[in-house]
Amino acid sequence: MRAIIGVIVGVLALLLSACGFQLRGSYSLPYESIYIGVPDVSVIGAGLKRQIRVSGTRLADSAKDAQATFLQTAEAKEPIILSLSGSGRVREKRLRYRYGYRVVDDKGRDLIAPGIIELNRDISYADSDVLAKTQEEDLLWRDMENDLVQQLMRRLSMTKPSAPGTE
């Protein structure tokens, strides 16, 4: 019996490795140092700084000391009503999070073209469960913030720093 279970576990491990499954690890950034130019109270900025420290890249104290500078260009969180009940009460909402960013080198040239990441989550709403739905909405916003940090780290890790002396 143990031999059969061992074979089954082995086959499953082989199938998972064959499909390209890989645990998400830390990212390695192609910069020696990076400056995160976001407000001090930004949840995204704090998450990025935490992930960058884990990656081994040095966080610079100013843009002048950094090989790359991450800049936030826009941030908007907006709930959108998707449907109403017959009595005019909200039944479904969409949570939309739009985040604009750009990454520049020490001379102000774009290392990553300015971009926008948009995240959406749909949520049902019920007047009878206001407290639970409010907590669920807060949880979804936090999940979207974490997802945004991971997407930004992936994009930062895929860039190539410019060679010194090139325009």
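Above this text you will find the structure in question.
Treat the numbers as computed from the prediction; the structure is a model and nothing was measured.

Caption draft 1: Structural context of the overall build of the chain. Looking only at helices and strands, the chain features 3 helices and 5 strands. Of the contacts made within the chain by residues no fewer than 6 positions apart, 68% connect residues no fewer than 24 positions apart. When the accessible surface of the chain is summed, it comes to about 10700 Å², and 54% of that surface belongs to carbon and sulfur atoms.

Caption draft 2: Inspection of the side chain of Thr 57 at higher detail. Mapped onto the fold, Thr 57 is located in the loop between helix H2 (43–55) and strand E2 (58–59). The exposure class assigned to Thr 57 is buried, which follows from its relative accessible area of 7%. One polar contact links Thr 57 to Ser 55, side chain to side chain, over a distance of 3.4 Å.

Caption draft 3: Quick look at the environment of Asp 122. Tracing the backbone shows Asp 122 in strand E5 (residues 110–124). Residues Asp 122 and Pro 79, spaced 43 residues apart in sequence, show a C-alpha to C-alpha distance of 9.5 Å. Contacts of Asp 122, omitting those with residues within four sequence positions, involve Leu 82, Lys 93 and Arg 94. Only 2.8 Å separates the side chain of Asp 122 from the side chain of Arg 94, close enough to count as a polar contact.

Caption draft 4: The arrangement of H2 in detail. Here H2 spans 18 Å end to end across 13 residues, near enough to the 18 Å set by a 1.5 Å rise per residue. Turning to H2, its buried residues number three or more, namely Ile 44, Gly 45, Gly 47, Leu 48, Ile 52 and Ser 55. Down the axis of H2, the sector holding all buried residues measures 160°, keeping them to one side. The outward face of H2, more than 90 degrees from its buried face, is lined by the exposed residues Arg 53 and Val 54. On its buried face, H2 is in contact with strand E1 (33–37), E2, strand E3 (68–84), strand E4 (90–105) and helix H3 (130–157). One side-chain oxygen of the residue at the start of H2 lies 3.3 Å from the amide nitrogen of Ile 44, identifying that residue as Ser 42. Just past H2, the residue Gly 56 takes up positive phi, approximately 95°.

Caption draft 5: Main features of the side chain of Gln 151. Tracing the chain through its elements places Gln 151 in helix H3. The exposure class of Gln 151 is buried, given its relative accessible area of 18%. Filtering out sequence-adjacent residues up to four positions away, Gln 151 remains in contact with Ile 117 and Leu 119.

Caption draft 6: Examining the sheet that holds E1 more closely. On the basis of which strands lie adjacent, the open sheet formed by 5 strands has the order E2-E1-E3-E4-E5 and mixed pairing. The sheet is open, and its two edges are formed by E2 and E5, each paired on a single side. With 15 bridges connecting them, E3 and E4 associate as antiparallel partners. When the sheet's bridge partners are listed, Glu 75 is paired in E4 with Tyr 99. Across the sheet, H2 lies against E1, E2, E3 and E4, angled at about 170° from E1, the strand it touches most. Strands in contact with H3 are E1, E3, E4 and E5; relative to E5, the strand with the most contacts, it is inclined by about 155°.

Reading the values: rules and limits
Residues numbered from 1 in each chain as written. Predicted model: local features only at pLDDT ≥ 70, side-chain atom pairs only at ≥ 80, totals over all residues. Heavy atoms only, no water. Helix = DSSP H or I, 4+ residues; strand = E, 2+ residues; numbered from the N terminus. Contact = heavy atoms within 4.5 Å. Areas by Shrake-Rupley, 256 points an atom, 1.4 Å probe, with all protein chains shown as cover. Buried < 20%, exposed > 50% of the residue type's maximum accessible area, 1.4 Å probe, protein only. Polar contact = N/O pair within 3.5 Å; in protein donor to acceptor, adjacent residues only side chain to side chain. Expected span 1.5 Å × (residues − 1). Arc of directions from axis to C-beta. Pairing = 2+ DSSP bridges. Axes fitted to C-alpha atoms, helices over the stretch in contact; angles between N-to-C directions.

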